[in-house]
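These are the residues of each chain, in order.
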Amino acid sequence: MSEELVQVERRGAVGVITMNRARQLNALSEELMSAVGDAAETLDRDEAIGALVLTGGPEVFAAGADLKQMAEQSAVDMVYANRIRHWDRLRRIAKPLIAAVSGYALGGGCEMAMLCDLIVASDSARFGQPEINVGLMPGAGGTARLTYAVGKSVAMDLVLTGRMLDAWEAQRRGLVSRVVPRELIVDEAVALAAEIATKPRLSARLAKEAVTRAAETTVAEGVEHERKLFYLLFASEDAHEGMRAFVEKRRPQYRGR
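This report concerns the structure included in the present document.

Analysis parameters
Residues numbered from 1 in each chain as written. Predicted model: local features only at pLDDT ≥ 70, side-chain atom pairs only at ≥ 80, totals over all residues. Heavy atoms only, no water. Core = buried A, V, L, I, M, F, W, Y, C linked by side-chain atoms within 4.5 Å. Buried < 20%, exposed > 50% of the residue type's maximum accessible area, 1.4 Å probe, protein only. Helix = DSSP H or I, 4+ residues; strand = E, 2+ residues; numbered from the N terminus. Contact = heavy atoms within 4.5 Å. Expected span 1.5 Å × (residues − 1). Arc of directions from axis to C-beta. Pairing = 2+ DSSP bridges. Axes fitted to C-alpha atoms, helices over the stretch in contact; angles between N-to-C directions. Right-handed = clockwise from strand over helix to strand, strands pointing away. Phe/Tyr/Trp six-rings, centres within 6.5 Å; stacked < 30°, edge-to-face > 60°.

Quick look at the nonpolar core now. Within the largest apolar cluster, 47 residues are counted, with the highest numbers of intra-cluster contacts made by Met19, Leu54, Phe61, Val101, Met112 and Phe127. If you tally residues by element for this core, the top one is helix 1 (residues 30-45), at seven residues. With residues up to four places along the chain from it excluded, the contact list for Val101 reads Phe61, Ala113, Ile119, Val120, Ala121, Ser122, Ala125, Phe127 and Ile185.

What follows deals with helix 10 (residues 219-232). Taking 1.5 Å as the rise per residue, helix 10 with 14 residues should run 20 Å; its terminal C-alpha atoms sit 20 Å apart, in good agreement. Among all positions of helix 10, only Gly222, His225 and Leu229 are buried. The arc enclosing the buried residues of helix 10, seen along the axis, measures out at 70 degrees, which places them on a common side. Looking at helix 10, the residues exposed on the side facing more than 90 degrees away from the buried face are Val219, Ala220, Lys228 and Tyr231.

Attention now moves to helix 11 (residues 237-247). The complete set of buried residues in helix 11 reads Asp238, Ala239, Glu241, Gly242 and Ala245. End-on view of helix 11: buried residues confined to an arc of 165 degrees, all on one side of the axis. Against helix 9 (201-216) lie the buried residues of helix 11. Positive backbone phi, at 55 degrees, marks Lys249, one or two positions downstream of helix 11.

The three strands lie next to each other as 5-7-8, forming an open sheet whose pairing is mixed. Bordering the open sheet on either side are strand 5 (104-106) and strand 8 (165-166), each of which pairs with just one other strand. Two strands pair when backbone bridges link them, and strand 7 (residues 126-128) and strand 8 are joined in this way by two bridges, in the antiparallel orientation. Its bridge partner lying in strand 8, Arg126 is registered against Asp166. Running at roughly 90 degrees to strand 5, helix 4 (residues 108-115) makes contact with strand 5 and strand 7 of the sheet.

Right, let's talk about the pairing of strand 4 (residues 97-101) for a bit. For strand 4, a buried count of five out of five residues is recorded, marking the element as mostly surrounded by other parts of the structure. What you see with strand 4 is no split at all: Leu97, Ala99 and Val101 on one side and Ile98 and Ala100 on the other are buried throughout.

This next bit is on the pairing of strand 2 (residues 14-19). Of all six residues that make up strand 2, six are buried, and the element is covered over most of its length. Sheet topology note: the strand 1 (residues 6-11)/strand 2 ladder contains six bridges and is antiparallel. In the sheet register, Glu9 faces strand 2, and the bridge partner there is Val16. Hairpin connection from strand 1 to strand 2: two residues lie between these consecutive antiparallel strands, with Gly12 at a positive phi of about 65 degrees. Judged from the five bridges that link them, strand 2 and strand 3 (residues 51-55) form a sheet pairing that is parallel. Its bridge partner lying in strand 3, Thr18 is registered against Thr55. Taken together, strand 2, helix 1 and strand 3 form a β-α-β motif whose crossover is right-handed.

All right, on to the packing of aromatic side chains then. Enumeration over the complete set of coordinates arrives at two aromatic pairs. Between Phe230 and Tyr231, the ring centres sit 5.8 Å apart and the planes meet at 50 degrees, which makes this aromatic pair tilted. The exposure class of Tyr231 is exposed, given its relative accessible area of 55%. Relative to Phe234, the ring of Phe230 has its centre 5.4 Å away and its plane inclined at 75 degrees; by these criteria the two rings are edge-to-face. The exposure class assigned to Phe234 is partly exposed, which follows from its relative accessible area of 40%.

The pairing of strands in a sheet comes from backbone hydrogen bonds and takes either a parallel or an antiparallel form. With mixed pairing, six strands are arranged side by side in an open sheet as 1-2-3-4-6-9. Single-partner strands in this sheet number two, and they are strand 1 and strand 9 (178-180). Within the sheet, the average angular offset between the axes of one strand and its neighbour, ignoring direction, is 20 degrees. Where strand 6 (residues 118-122) and strand 9 come together, three bridges link them in parallel fashion. Within strand 9, the residue paired with Ala121 across the bridge is Val179. On the sheet, helix 1 packs against strand 1, strand 2 and strand 3 and is oriented at approximately 175 degrees with respect to strand 2.

Read these as geometric descriptors, not functional statements.
Structure representation (structure tokens):
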């Protein structure tokens, strides 16, 4: 993992990954995406970490793919390069992953944010899929996830015109969970992640899995999967501890088991 491309810190039970190509507006080069994936997977394996935050800092999240690396690629080159695998790595992170978005989250940057479980946006955030302006279209899940988040009509508008959503419209449309002042973006996202990290780890992991499945399948399939995971939690120590603590009117002592 390149320390030049990402900065990783641990704030208590929260792992924070900060993309660090500010001069290039965090353009998502092959190297940057690889470094982000490495950092996320390392934190996902760390038992002391309960939730993750992915950010570009207070100025910019990511202004899209690094077109310099793609401009001369053929279709065959793109198949063999398989750049999309880096987005798939983030999708497989098991712990709750929060995007802290400030400034531009465009193209691949918007797709990256939508792969996260929650998006906290600063009041300067701008979301969009402007690939149409360079002769392309979204290729890392942008059409599917954006349509699910904001609906067909708005997604079609953004994809076909390249226009952007500001933070407030993104929140109204359901793309963003919370909007906070720009200077507080990382701290607010970390505070949210810290709150989630206090919850029983297995419950959070399976709840994330259930919501993700519901977002990507039919309602019936989502409910069926949810039910199986709900029953599975009765095999965990934390579920019984949580219920007993509630009955006994005391604070639960979760152990992640």
